[in-house]
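Remarks on the overall topology
Take a look at the letters that make up each chain.
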Amino acid sequence: MAFDTILLDIENGAARLTLNRPDRLNSFTADMHREVAEALTRVERDHDIRVLLMTGAGRAFCAGQDLADRAVAPGADDVDLGESLENRYNPLIRRLVELPKPVVCAVNGVAAGAGANIAFASDIVLAAKTAKFIQSFSNIGLLPDSGGTWILPRLVGHARALGLALTGEPISAERAENWGLIWRAVDDDQLKEEAEKLVGRLASGPTRGFAAIKQAMRRGWLAGLNEQLDLERDLQRELGRSDDYREGVAAFTEKRKPNFIGR
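On a predicted model such as this, the values are computed, not experimentally measured, just so you know. (Residues numbered from 1 in each chain as written. Predicted model: local features only at pLDDT ≥ 70, side-chain atom pairs only at ≥ 80, totals over all residues. Heavy atoms only, no water.)

A look at the side chain of Ser 122
- Mapped onto the elements, Ser 122 comes out in the loop between α3 (114–120) and β7 (124–128).
- When sequence neighbours within four positions are dropped, the list of residues in contact with Ser 122 reads Val 103, Cys 105 and Arg 218. (Helix = DSSP H or I, 4+ residues; strand = E, 2+ residues; numbered from the N terminus. Contact = heavy atoms within 4.5 Å.)

In structure tokens:
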């Protein structure tokens, strides 16, 4: 599968998707959206792929939308940004959240606008210590999209979410870790190694269990206690019948490393 704006490498149970427009800080165009969607379809359909890693080429992870891809000059016809969200960004966020496989994001540089919120929609985010996260929407008269107004208050609280959105000030990877926005900030030269180590661990893990964890955690942001207890019961019932559960118990009792097959 040949692409112009991304790279997709599949090896050892992992898909590595690299946003590849480094000259434009990997900002999104309609073509990039189309290619990312095609790559995600491949990841969804290939049962041998058990984890997805997303990162960026060059010095940025993603600067959000490429404004040069839109006609926004004064006097030009109005641009329907709602259409862009409805048909491109919103489906992307939903697919990352609902993908029944872990999504790891390795933020190698600036993550701005939708680029930051795409990272936050991933399951585990590692970031180079020099990386920065910016809710840059207010700088051009917009509000955070791509799930930003939903996920930010839940991760960092109302006051910090509003501060990030209204000021558009960047925060460092280390502050993002301290605030609970990301899993871990690592030294720049260790990012690739740490990401690959995590991807390898997840690719050899109990994929069905991981999918259930994602589903339950995301649902828990909206559910009441009784509803969540029922969901845990139902998912645990399914997992208790899986091959990976049997293997996990056998490996525990036999004091060996489990050989999960993802089923």
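What follows picks up the thread again.
Concerning the packing of helix α4 (residues 148–156) against helix α5 (residues 158–167)
- Look at α4 against α5: their axes get within 7 Å of each other, and the N-to-C directions meet at 135°. By the angle between their directions, the pair α4 and α5 is classed as oblique. The handedness of the crossing between α4 and α5 comes out as right-handed. Where α4 abuts α5, its residues Leu 152, Pro 153 and Val 156 lie against His 158, Arg 160, Ala 161 and Leu 164.
- Residue classes in the contact of α4 with α5 are distributed as 5 nonpolar, 1 polar and 1 charged. (Axes fitted to C-alpha atoms, helices over the stretch in contact; angles between N-to-C directions. Parallel < 35°, antiparallel > 145°, perpendicular 65-115°, else oblique. Left-handed = near helix turned anticlockwise from the far one by under 90°. Nonpolar A, V, L, I, M, F, W, Y, C, P; charged D, E, K, R; others polar.)

Details of unusual backbone geometry
- You will see that Leu 25, though not glycine, has its phi angle at about 55°, which is positive.
- Its location among the elements puts Leu 25 in the loop between β2 (14–19) and α1 (30–45).
- Relative accessible area serves as the criterion here: at 24%, Leu 25 is assigned to the partly exposed category.
- The residue Asn 26 is not glycine, and still its phi comes out positive at about 55°.
- Here Asn 26 shows up in the loop between β2 and α1. (Buried < 20%, exposed > 50% of the residue type's maximum accessible area, 1.4 Å probe, protein only.)

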